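# Residue-level structure breakdown
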Amino acid sequence: MKIMKALWQQARRLGLGLGAWAASGAALASVNSLPGGPAVNQLNLHPPVTRIAEEQHFLHWMMLIICLVIFVGVFSVMFYSILKHRKSVGAKAASFHESTTVEVIWTIVPFLIVIGMALPATKVVVAMKDTTNADITVKATGYQWKWGYDYLNGEGAGISFLSTLDVTHRQMSDAGQPAGDDYLLKVDNPLVVPVNKKIRIITTANDVIHAWMVPAFGVKQDAIPGFVRDTWFRAEKTGDYYGQCAELCGKEHAYMPIHVKVVTEEEYGKWVDEQRKLMQAKADDPTKVWELADLIARGEKVYAANCAACHKADGSGAGPIKALVGSAVVLDSDKSKQIHILLNGAGNGAMPSWKQLSDTEIAAVITYTKNAWTNRTGQIVQPAEITAAR
Ligand SMILES: [Cu+2]
């Protein structure tokens, strides 16, 4: 009776605890599940978006069920035997010794169960480790406390940036006022990858051990200073996916989230172009004074990449797209006219604005058009003139 009472009290305490926990969930009612990230009151693994993560789900549930079946089976037999053959109902113990049959059975059955669990698990582990034939390789470097991404191979090679927790989240944390579904998961620069491509992630670290983990991809790999490890994923759905550093790495361990943006191939191409332009813009010194020939050579590339689609490689244009060969604007010794058109566009946007190009690129392409084909003006536009006109 005393025991029953103690048990009941324990159960009540547990119930109250659960109630308080549920109530705290209700108090945070403004928090919703984050698609690709944690869900409110989440119990299961994250919804998988890669084959590997799907397989992991299957393995997880398969093994859990096998264990459950064994647990129920073994304990049923045990309790049945204990109750049925207890002394008070007059059970007499059998007196046999050493049964070969029983010994063979209890060796072979567990052996089969272990093999049945190990085979599919090994298959998945081997697949997880197969990082060959990747479409894109990205090096993820752990720092205290942020991630650095370097695109090494494939489309986007050369792109490199740091990914740091959004400052407003740091402030919310300091103030003890969490808000938003992506609390402590928002970064300034997410890792961007195309959908349905094999992405190989090489992990390493700069200071202490970190780990790169994105649950929806079924990926978790330690990032160890002085060592290189790798893992891979092929996301099958576009969207935003979130993870965190998964190796206790110091006091800001909770403040180095991972945000992977999976986009269509087209969007990825655009993003790569943007990043390239940003990097070029950073690389060029806009105060540099150029020689005519160098600037023309640079401008020819800018023209081929950005202008030739409309104005044609030979500058002849077509229909409403004005020819640049012999254009009064291009030939004019007042350079400001063309600078103005390049910076602001013309024809209500038919001629787009090229503000996103760097000063050096704009100066180069103008200089090129002023000296290409039969436009032999000998005029040069320096990047500083673009800086001044912006
Ligand atoms: Cu870390």
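Summary of the structure given here. Just so you know, these numbers come straight off a predicted model, no measurement behind them.

Helix-helix packing is characterised by the crossing angle of the two axes and by the distance between the axes. Running from amino to carboxyl end, helix H9 (residues 336-344) crosses helix H10 (residues 359-371) at an angle of 130°, the nearest separation of the two axes being 11 Å. In terms of orientation, H9 lies oblique with respect to H10. Here H9 and H10 pass one another in a crossing that is right-handed. Contacts between H9 and H10 involve Gln 338, Ile 339, Leu 342 and Leu 343 from the former and Ile 362, Val 365, Ile 366, Thr 369 and Lys 370 from the latter. Residues belonging to the contact of H9 with H10 are distributed by class as follows: six nonpolar, two polar and one charged.

Right, let's get into the coordination of the copper ion. Within the protein, His 210 (ND1), Cys 245 (SG), Cys 249 (SG) and Met 256 (SD) serve as the donor atoms for the copper ion, at 2.0 to 2.5 Å. Around the copper ion, the four donor atoms sit at angles spanning 93 to 126°, and that spread fits a shape best called tetrahedral. All donors of the copper ion belong to a single chain; written as a sequence motif, their spacing is H-x34-C-x3-C-x6-M. Taken together, the positions of His 210 in strand S6 (residues 210-214) and Cys 245 in strand S9 (residues 239-245) put the pair 35 residues apart, joining distant regions of the chain.

Turning our attention to the layout of surface pockets. Where empty space is left in the structure can be found by rolling a water-sized probe over the atoms. The volume enclosed by the largest pocket comes to roughly 540 Å³. If you trace the largest pocket, you find 25 residues lining it, with His 311, Lys 322, Leu 324, Ile 341 and Met 351 closest to the centre. Contributions of two or more residues to the lining of the largest pocket are made by helix H6 (292-306), helix H7 (308-311), helix H8 (328-331), H9 and H10. Classifying every residue of the lining of the largest pocket by side-chain character gives 18 nonpolar, six polar and one charged.

This brings us to unusual backbone geometry. Gln 144 connects to Trp 145 through a cis peptide bond whose omega is 0°. We note that Glu 98 has phi near 50°; this positive angle belongs to a residue other than glycine. The topology assignment puts Glu 98 in the loop between helix H2 (51-84) and helix H3 (100-129). Positive phi, close to 75°, is recorded for Lys 312, a residue that is not glycine. As for its placement among the helices and strands, Lys 312 is situated in the loop between H7 and H8.

A word on the packing of H6 against H10. Two numbers describe how H6 lies on H10: the axes approach to 7 Å, and their chain directions differ by 100°. One way to sum up the angle between H6 and H10 is to call them roughly perpendicular. Along its contact with H6, which presents Leu 292, Leu 295, Ile 296, Arg 298, Gly 299, Glu 300, Val 302 and Tyr 303, the element H10 presents Thr 360, Glu 361, Ala 363, Ala 364, Val 365, Thr 367, Tyr 368, Thr 369 and Asn 371. For the contact of H6 with H10, a count of residues per class yields nine nonpolar, five polar and three charged.

Counting residues in hydrophobic clusters, the biggest one holds 35 residues, and the most contacted among them are Tyr 151, Trp 212, Phe 217, Phe 233 and Val 260. Among the elements that line this core, the one with the most residues is strand S10 (residues 257-263), at four residues. Not counting residues within four places of it along the chain, the set of residues in contact with Phe 217 comprises Val 49, Thr 50, Ala 53, Phe 233, Ala 235, Tyr 241, Val 260 and Val 262. Membership of the second largest hydrophobic core comes to 21 residues, among which are Met 351, Leu 357, Ile 362 and Tyr 368.

Here the focus is the sheet that holds strand S2 (residues 146-153). Here five strands make up an open sheet; going across it, the order is S3-S2-S1-S5-S8 and the pairing mixed. Only two strands of the sheet have a single partner each, and these edge strands are strand S3 (160-163) and strand S8 (229-233). Direction aside, the axes of adjacent strands within the sheet are offset by 25° on average. Contacting strand S1 (136-143), S2 and S3, helix H5 (residues 265-283) runs over the sheet at an angle of about 100° to S3.

Now for the pattern of salt bridges. Per the stated rule, a full pass over the model turns up 12 salt bridges. Where Arg 298 meets Asp 284, a salt bridge forms, and the shortest distance between an N and an O atom there is 2.8 Å. Taken together, the residues span a long stretch of sequence, with Arg 298 in helix H6 and Asp 284 in the loop between H5 and H6 at a distance of 14 residues. For the pair shown, Arg 298 and Asp 284 are each scored as buried. Notably, a salt bridge pairs Asp 359 with Arg 390, separated by 2.5 Å at the nearest N-O pair. Note that Asp 359 is positioned in helix H10 and Arg 390 in the segment after helix H11 (383-389), a separation of 31 residues in sequence. Classification of Arg 390 by relative accessible area gives partly exposed; the value is 43%. Through salt bridges with shared partners, a single ionic network connects Arg 170, Asp 174, Lys 251 and Glu 252.

What follows is about the side chain of His 210. Since its relative accessible area comes to 0%, His 210 is described here as buried. At 2.9 Å, the side chain of His 210 forms a polar contact with the side chain of Asp 207. Beyond its immediate chain neighbours, meaning those up to four positions away, His 210 contacts Gly 142, Tyr 143, Gln 144, Trp 147, Ala 205, Gln 221, Asp 222, Ala 223, Cys 245, Glu 247, Cys 249 and Met 256.

To continue, consider H2. Compared with an ideal rise of 1.5 Å per residue, which puts 34 residues at 50 Å, H2 spans 49 Å between its outermost C-alpha atoms and is within 8% of the ideal. Looking at H2, one finds that the buried residues are Ile 52, Ala 53, His 57, Leu 59 and Met 62. Residues of H2 that are buried make contact with H3 and S8.

Each value, and the rule that gives it
- Residues numbered from 1 in each chain as written.
- Predicted model: local features only at pLDDT ≥ 70, side-chain atom pairs only at ≥ 80, totals over all residues.
- Heavy atoms only, no water.
- Axes fitted to C-alpha atoms, helices over the stretch in contact; angles between N-to-C directions.
- Helix = DSSP H or I, 4+ residues; strand = E, 2+ residues; numbered from the N terminus.
- Parallel < 35°, antiparallel > 145°, perpendicular 65-115°, else oblique.
- Left-handed = near helix turned anticlockwise from the far one by under 90°.
- Contact = heavy atoms within 4.5 Å.
- Nonpolar A, V, L, I, M, F, W, Y, C, P; charged D, E, K, R; others polar.
- Donors = N, O, S within 2.8 Å, 3.2 Å for Na, K, Ca; no water.
- Tetrahedral: all angles 85-135°; square planar, octahedral: opposite > 155°, others 65-115°.
- 1 Å grid on protein atoms, 1.4 Å probe; cavity = no way out; pocket = protein on both sides within 12 Å on 5 of 7 lines; lining within 4 Å.
- Points joined across faces, edges and corners; volume = space filled by probe spheres on them.
- Core = buried A, V, L, I, M, F, W, Y, C linked by side-chain atoms within 4.5 Å.
- Buried < 20%, exposed > 50% of the residue type's maximum accessible area, 1.4 Å probe, protein only.
- Pairing = 2+ DSSP bridges.
- Salt bridge = Lys/Arg side-chain N within 4 Å of Asp/Glu carboxyl O.
- Polar contact = N/O pair within 3.5 Å; in protein donor to acceptor, adjacent residues only side chain to side chain.
- Expected span 1.5 Å × (residues − 1).

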